Amino acid sequence: IGGTYVEDTSGAPIDVVYPATGEVIARVHSATPAVIDQALSAATAAQKDWAALTGTERGRVLRRAADIMRDRNRDLSILETYDTGKPLQETLVADATSGADALEYFGGLAGSLTGEHIPLAGGDFAYTIREPLGVCVGIGAWNYPTQIACWKGAPALACGNAMVFKPSETTPLSALKVAETLTEAGAPPGLYNVLQGLGDVGAALVTDPRVAKVSLTGSVPTGAKVYAAAAAGMKHVTMELGGKSPLIIFDDADLENAVSGAILANFYSSGQVCSNGTRVFVQSGIKDAFLARLTERLKGAVIGDPMDEATSYGPMVSESQMNIVLGYIEKGQAEGARLVTGGKRLDRDGFYIAPTVFADVTDDMTIAREEIFGPVLSVLDFETEDEVMARANATEFGLAAGVFTADLTRAHRVVAGFEAGTCYINTYNLAPVEAPFGGTKASGVGRENSKLAINHYSEMKMVYVSMNDVEAPY
Ligand code: NDP
């Protein structure tokens with residue numbers, strides 16, 4: 001807060017647990033109302049001066065922060081692995097590096113954020129001024145703590161806003177490093193503040209009149225609450241919420257690529273990815289070969305110590321998330337899905353669940369309808385394109401969707417028909433900073449990344465300029 005660590009142990013203690021062993025590795029304290037107030041005051045004060053800099057000056061700070069993050073990638077990745085349990089093999093390439101990409105990309109854009117000139121009748125004209133919103137609040141989920149802190153912070157700061165970020169209480173550590181890095185890169189004290197706490201701290205931020213915008217990454221029920229609270233104060237929102245995304249594999253798909261896609265869509269980060277394609281619709285002609293090859297390939301997962309770079313599959317983030325997922329696995333079996341592989345907790349320390357595949361899953365089963373947020377892949381059978389499109393879209397969610405086929409015309413027809421914000425043809429789950437990311441329907445509002453994110457962190461002031469006498473009716 002204000003560029004420095006604030007120690008206030010009167011807030012509720014939050015233990016940080018290393019998911020691979022269950023050990024407590026750190027303790028932070030929930031922000032008290034006084035600390036929340038301190039962060040919002042610091043952000044409000046810092047924002048004015050920051051917005052007065054040129055975009056190029058702001059961008060320079062962000063790009064410096066990107067360089068620092070890349071230089072320290074290994075240390076930041078180790079911290080992320082302690083926080084989340086995700087294998088170092090993943091965190092080295094997908095967390096601080098993704099955060100650095102966002103800082104670099106939006107740092108590069110900052111100097112080019114402008115309004116426009118609009119010629120009008122009689123030589124009159126209007127112009128627009130792109131203005132920051134003010135103090136933005138970011139609230140994060142626990143699966144990609146560094147990435148989320150940067151995906152929200154980078155566009156916010158590029159546009160001239162300040163940020164108060166609240167990470168999930170399950171993974172409170174890495175956002176602190178993002179704040180440290182920005183400070184070291186030259187961000188003024190108070191520009192990017194981190195508050196620890198549970199939902200109540202997030203809720204206090206969302207309702208504070210000093211806050212202009214709220215960007216949440218979380219579940220649909222939390223999104224609905226935060227969206228409603230923000231609406232009461234007429235605040236801007238970005239909502240990146242959950243999903244139950246379809247991945248359609250046609251008979252003519254390249255089998256090896258389709259299996260790789262299904263693995264990326266279900267087991268990366270032990271399945272704790274919002275855009276996962278967990279409903280894998282497989283056409284009848286390729287089903288047996290697909291299941292056989294998938295089962296074979298899953299044997300290649302190296303399950304173990306996340307700090308060992310050879311490990312490719314780690315634990316769930318917490319004991320409670322593990323129990324939620326085990327509950328879904330039980331439900332899947334009780335409702336008649338066929339367990340092909342996995343389906344149980346692994347006999348070792350930490351919160352590990354074996355990569356799990358169900359076949360013969362039908363649309364009405366709980367595991368085909370609700371977001372599990374764990375390593376559980378459901379295979380659903382289908383015969384025709386029309387049939388599968390109707391079934392793929394029959395969900396409240398609309399975050400992502402994918403198709404594997406060798407028929408290009410069909411591929412484009414299928415993605416045109418998907419009710420989803422983020423679609424893939426012959427691959428899955430890539431989220432480069434240059435391209436927009438986000439959902440439709442219950443999965444969210446607004447987009448992160450790409451030039452589109454700029455519109456969600458700034459607004460346009462219109463200025464009408466008359467070059468003529470003013471005509472009034474009387
Ligand atoms: P939650 O919805 O439980 O929590 C998200 C964040 O909101 C947490 O920081 C949480 O705090 C906070 N929060 C909870 N209640 C409130 C409230 N009333 N007001 C303000 N803030 C509140 O999600 P999870 O952390 O469990 O993350 C998993 C979910 O996130 C999944 O549904 C997943 O799909 C989604 N997600 C979406 C992504 C996307 O980009 N679309 C990416 C990643 C995840 P605390 O946890 O400390 O209580």
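None of these values were measured; they are calculated from a predicted model.

Draft legend 1. Just the sheet that holds strand β3 (residues 117-119), in detail. As summarised here, the arrangement of the three strands in space is β3-β4-β18, forming an open sheet in which the pairing is antiparallel. Two strands lie at the open edges of the sheet, namely β3 and β18 (458-465), each paired on one side alone. If you compare each strand with its neighbour and ignore which way they point, the axes differ by 25° on average. In the sheet, strand β4 (residues 125-132) pairs with β18 via eight bridges, with the strands oriented antiparallel. Along β18, the bridge assignment pairs Tyr127 with Val463.

Draft legend 2. Highlighting helix α2 (residues 55-71). Over its 17 residues, α2 extends 24 Å from the first C-alpha to the last, a length consistent with the 24 Å expected when each residue adds 1.5 Å. Within the span of α2, buried status applies to Gly55, Arg58, Gly59, Val61, Leu62, Ala65, Ala66, Ile68 and Met69. Along its buried surface, α2 packs onto α1 (33-52), α3 (73-84), α5 (96-110), α6 (145-158) and α7 (174-184).

Draft legend 3. A look at the state of the cysteines. Applying the stated criterion across every chain yields a total of zero disulfides. For the unlinked cysteine Cys159, the closest cysteine sulfur is that of Cys136, found at 8.3 Å.

Draft legend 4. Local environment of the site of the ligand. For the ligand, the set of nearby residues contains 28 residues, the closest of which are Gly140, Glu169, Ser219, Thr222 and Glu371. Within the side chain of Glu169, one N or O atom sits 2.6 Å away from an oxygen atom of the ligand. Interatomic distance of 2.7 Å between a side-chain N/O atom of Thr222 and an oxygen atom of the ligand. In the complex, the protein chains occlude 86% of the 910 Å² of accessible area that the ligand would expose alone. Broken down by secondary-structure element, the contributors of at least two residues to the shell around the ligand are α8 (199-207), β8 (211-217) and α9 (220-232). Per-element tally for the shell around the ligand: the top contributor is α8, with three residues. Residue composition of the shell around the ligand, grouped by class: 13 nonpolar, 11 polar and four charged.

Draft legend 5. The arrangement of a negative patch on the surface in detail. Negative charge collects at one region of the surface, where Glu335, Asp364, Glu370 and Glu396 lie side by side. Mapped onto the elements of the fold, Glu370 is located in the loop between α13 (366-369) and β14 (376-382).

Draft legend 6. Region of the structure containing the packing of aromatic side chains. Counting across every chain of the model gives seven aromatic pairs. Where Phe250 meets Phe382, the ring centres are 5.4 Å apart and the plane angle is 90°; that geometry is what we call edge-to-face. In this pair, Phe250 is assigned in the loop between β10 (246-249) and α10 (255-264) and Phe382 in strand β14, connecting sequence segments 132 residues apart. Under the relative-accessibility criterion, Phe250 is labelled buried at 0%.

Draft legend 7. Molecular detail of the packing of α2 against α5. Running from amino to carboxyl end, α2 crosses α5 at an angle of 160°, the nearest separation of the two axes being 7 Å. Taken together, α2 and α5 sit at an angle that is classed as roughly antiparallel. Considering the relative orientation of α2 and α5, their crossing is left-handed. Listed contacts from α5 to Gly55, Gly59, Leu62, Arg63, Ala65, Ala66, Met69 and Arg70 of α2 are Ala96, Thr97, Ala100, Asp101, Leu103, Glu104, Phe106, Gly107, Gly108 and Ala110. When its residues are assigned to classes, the contact of α2 with α5 shows nine nonpolar, five polar and four charged.

Draft legend 8. Fine view of the sheet that holds strand β11 (residues 279-283). Taken together, seven strands build an open sheet; the order of strands is β12-β13-β14-β11-β10-β15-β16 and the sheet is mixed. Across the chains shown, the open sheet's two edge strands, defined by having one partner strand only, are β12 (338-341) and β16 (422-425). Adjacent strand axes in the sheet meet at a mean angle of 20°, parallel and antiparallel pairs treated alike. Two elements, β10 and β11, share four bridges in a ladder whose sense is parallel. Paired with Ile248 across the bridge in β11 is Phe281. Strands β10, β11, β12, β13 (356-359) and β14 of the sheet are contacted by helix α11 (residues 287-298), whose axis makes an angle of about 50° with β12.

Draft legend 9. Highlighting the pairing of β8. The element β8 is largely enclosed, with a buried count of seven among its seven residues. In terms of strand pairing, strand β5 (residues 135-139) meets β8 through five bridges, oriented parallel. Bridged to Val137 within β8 is Val214. Handedness of the β-α-β unit built from β8, α9 and strand β9 (residues 236-240) comes out right-handed.

Draft legend 10. Quick peek at unusual backbone geometry. Phi at Met234 takes a positive value of approximately 55°, unusual for a residue other than glycine. Among the structural elements, Met234 can be located in the loop between α9 and β9. The phi torsion at Asn429 lies on the positive side, around 70°, for a residue other than glycine. Looking at where Asn429 falls in the secondary structure, it is placed in the loop between β16 and β17 (444-445). Given a relative accessible area of 18%, Asn429 falls into the buried group.

Draft legend 11. Focus on the nonpolar core. Of all hydrophobic cores here, the largest spans 79 residues; its most connected members are Leu103, Phe106, Leu157, Val164, Leu182, Tyr192 and Leu195. Setting aside anything within four residues of it in sequence, one finds Leu182 in contact with Val61, Leu62, Ala65, Leu103, Leu157, Ala187 and Tyr192. Within the second largest apolar cluster, 30 residues are counted, among which are Ala337, Met389, Ala401 and Val415.

Draft legend 12. Structural context of the pattern of salt bridges. Across all of its chains, the model carries 22 salt bridges by this definition. The salt bridge partner of Arg210 is Asp37, with a shortest N-O separation of 2.8 Å. In this pair, Arg210 sits in the loop between α8 and β8 while Asp37 sits in helix α1, placing the two residues 173 residues apart along the sequence. Residue Asp37 is classed as partly exposed on the basis of its relative accessible area, which comes to 36%. Between Lys152 and Glu448 there is a salt bridge, and its shortest N-O distance comes to 3.0 Å. With a gap of 296 residues between them, Lys152 in helix α6 and Glu448 in the loop between β17 and α16 (452-456) connect regions that are remote in the sequence. Through salt bridges with shared partners, a single ionic network connects Lys287, Arg338, Asp360 and Asp381.

Quick notes on the rules
Residues numbered from 1 in each chain as written. Predicted model: local features only at pLDDT ≥ 70, side-chain atom pairs only at ≥ 80, totals over all residues. Heavy atoms only, no water. Pairing = 2+ DSSP bridges. Helix = DSSP H or I, 4+ residues; strand = E, 2+ residues; numbered from the N terminus. Axes fitted to C-alpha atoms, helices over the stretch in contact; angles between N-to-C directions. Expected span 1.5 Å × (residues − 1). Buried < 20%, exposed > 50% of the residue type's maximum accessible area, 1.4 Å probe, protein only. Contact = heavy atoms within 4.5 Å. Disulfide = S-S within 2.5 Å. Near = heavy atom within 4 Å. Polar contact = N/O pair within 3.5 Å; in protein donor to acceptor, adjacent residues only side chain to side chain. Areas by Shrake-Rupley, 256 points an atom, 1.4 Å probe, with all protein chains shown as cover. Nonpolar A, V, L, I, M, F, W, Y, C, P; charged D, E, K, R; others polar. Patch = residues over 30% accessible without salt bridge, like charges linked within 9 Å, V, L, I, M, F, W, Y side chains within 5 Å. Salt bridge = Lys/Arg side-chain N within 4 Å of Asp/Glu carboxyl O. Lys, Arg positive; Asp, Glu negative; His and termini not counted. Charge placed at Lys NZ, Arg CZ, Asp CG, Glu CD. Phe/Tyr/Trp six-rings, centres within 6.5 Å; stacked < 30°, edge-to-face > 60°. Parallel < 35°, antiparallel > 145°, perpendicular 65-115°, else oblique. Left-handed = near helix turned anticlockwise from the far one by under 90°. Right-handed = clockwise from strand over helix to strand, strands pointing away. Core = buried A, V, L, I, M, F, W, Y, C linked by side-chain atoms within 4.5 Å.

Any functional reading would require information that these geometric values do not contain.
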